[in-house]
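Structural description and commentary
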Amino acid sequence: MTEPDPLRAWRGLAGTHVLLDGFHALKHALRFGADVPVAVTADREAALALADELAPDVRGRLDALLTEVPRAAYTSLVPRPHPTEVAALAVRPARQDHLARLARTPRSAPVVVLDDPRNLGNAGAVIRLAAGFGATGVVTTGTVDPWHPAVVRGGAGLHFATAVERLTVPELPPGPVHALDPEGEDIRGLTLPDDALLAFGSERSGLSRELRARADRLVALPMRPQVSSYNLATSVAMTLYHWSAGARP
Ligand SMILES: C[S@@+](CC[C@H](N)C(=O)[O-])C[C@H]1O[C@@H](n2cnc3c(N)ncnc32)[C@H](O)[C@@H]1O
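Residues numbered from 1 in each chain as written. Predicted model: local features only at pLDDT ≥ 70, side-chain atom pairs only at ≥ 80, totals over all residues.

Summarising the element assignment, Ala64 is placed in helix H4 (residues 59-65). When the C-alpha atoms of Ala64 and Leu197 are compared, they prove to be 40 Å apart, with 133 residues separating the residues in sequence. (Helix = DSSP H or I, 4+ residues; strand = E, 2+ residues; numbered from the N terminus.)

Let us now look at the sheet that holds strand S8 (residues 177-186). Across the sheet, six strands lie side by side as S7-S6-S5-S9-S8-S10; this open sheet has parallel pairing. This sheet does not close on itself; its edge strands, each paired only once, are strand S7 (163-166) and strand S10 (217-220). Across this sheet, the average inter-strand angle for adjacent strands is 30°, counted without regard to direction. Of the strand pairs in this sheet, S8 and S10 are connected by five bridges, and their pairing is parallel. When the bridges of S10 are listed, Glu185 appears paired with Val219. (Pairing = 2+ DSSP bridges. Axes fitted to C-alpha atoms, helices over the stretch in contact; angles between N-to-C directions.)

Right, let's get into the site of the ligand. Neighbouring residues of the ligand: 17 residues in total, closest Leu180, Gly201, Gly206, Leu221 and Ser229. When contributions to the shell around the ligand are tallied by element, the ones reaching two or more residues are S8 and helix H10 (232-247). The element best represented in the shell around the ligand is S8, accounting for three residues. (Near = placed C-beta within 6 Å.)

So, about the pairing of strand S1 (residues 18-21). Residues Val18 and Leu20 point to one face of S1 and Leu19 and Asp21 to the other, with burial holding for every one of them. In terms of strand pairing, S1 meets strand S4 (residues 86-90) through four bridges, oriented antiparallel. Looking at the pairing, Val18 lines up with Ala90 of S4. (Buried ≥ 20, exposed ≤ 12 C-beta atoms within 10 Å, placed from the backbone.)

With that settled, the discussion passes to the domain arrangement of the protein chain. Taken domain by domain, the protein chain consists of domain 1 (5-90) and domain 2 (95-247). In this structure, domain 1 and domain 2 have C-alpha centres spaced 29 Å apart. Elements with a contribution of two residues or more to the side of domain 1 that touches domain 2: S1 and helix H2 (23-31). Per element, the largest residue contribution to the side of domain 1 that touches domain 2 is five residues, and it comes from H2. In terms of residue class, the side of domain 1 that touches domain 2 is built from nine nonpolar, four polar and one charged. (Domains from an automatic or database assignment. Nonpolar A, V, L, I, M, F, W, Y, C, P; charged D, E, K, R; others polar.)

According to UniProt, the positions carrying the feature "domain: tRNA/rRNA methyltransferase SpoU type" (unreviewed entry) are residues 111-241. Regarding residues 111-241, the helix share stands at 27% and the strand share at 23%, and the terminal C-alpha atoms are separated by 14 Å. (UniProt positions renumbered as here; feature names shortened; annotations may be inferred.)

This paragraph deals with the nonpolar core. Residues Leu20, Val112, Val113, Val126 and Ala199 are the most contacted members of the largest nonpolar core, which totals 67 residues. No other element matches the seven residues that helix H7 (residues 120-133) contributes to this core. Taken together, domain 1 (5-90) and domain 2 (95-247) each give at least three residues to this core, which thus spans both. Residues contacting Leu20, with those up to four places away along its chain left out, are Ala25, Leu26, Ala29, Ala87, Ala88, Leu89, Ala90, Val152 and Gly157. (Core = buried A, V, L, I, M, F, W, Y, C linked by C-beta atoms within 7 Å. Contact = placed C-beta atoms within 7 Å.)

This next bit is on the sheet that holds strand S2 (residues 38-41). Strand order across the open sheet formed by four strands is S1-S4-S2-S3, with mixed pairing between neighbours. Taken across any chain shown, the strands that pair with only one partner, and hence form the sheet edges, are S1 and strand S3 (66-68). Averaged over all neighbouring strand pairs, the angle between strand axes comes to 25°, with direction disregarded. Judged from the four bridges that link them, S2 and S4 form a sheet pairing that is antiparallel. Residue pairing for S4: Ala39 is matched across the bridge by Ala88. Strands in contact with helix H1 (residues 5-13) are S2, S3 and S4; relative to S2, the strand with the most contacts, it is inclined by about 125°.

Shown next, in the form of structure tokens:
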């Protein structure tokens, strides 16, 4: 028996395209301009009802894109089926475009740098924060691919709302590096500049020696004695909030 067309299309694209896992990831990707050649659902009526409720702005595009496939076919396409039973594949944005956006100065919002993040969910949560605050981009160092499906899932598809790339420390874009570390200056006395690179250390070992050497300033988040550190994504949230509160008149 021949496969329905969307399944054949999916299998042809899966190796090179970004997996959008769930309704919200697809909704955000469409809102922020992703090119989505294929989208499937195990329950088209439920998916379009969600669109009516939560995303009327992209309802028409979802209606045109979403093809219903048997539930067993849907679950075979994704590593961990999502409760909304929606999945899609998007074209990964060109690295050169992102590098140009990251390098462009003057910059009106910081770049977030995650120095060798280890937890994919944390990296996704940070990308979601960066998108929400309008950061210029998120750069990761180390081995994790920031476009890994688990990171995209954690970021709710908001990779398309900012510039996400992996670079080495010597390749970081220009700008003063404000590196977050409990031993630094108290953030409450500082205004974080719009052109800053806001750098955060690895969950396991904090900032690398290489990143510390590139830092212009070490910045601390307030924390009472005997607490060792905050979670990586919550540290990014506090820092971006502090930047946003100080950046505008
Ligand atoms: C989970 S922490 C790293 C803990 C790690 N065991 C260490 O030795 O630093 C991850 C990152 O969040 C940021 N961070 C956490 N708590 C912070 C604080 N109180 N002040 C500044 N940055 C903090 C730092 O960038 C840190 O490298």
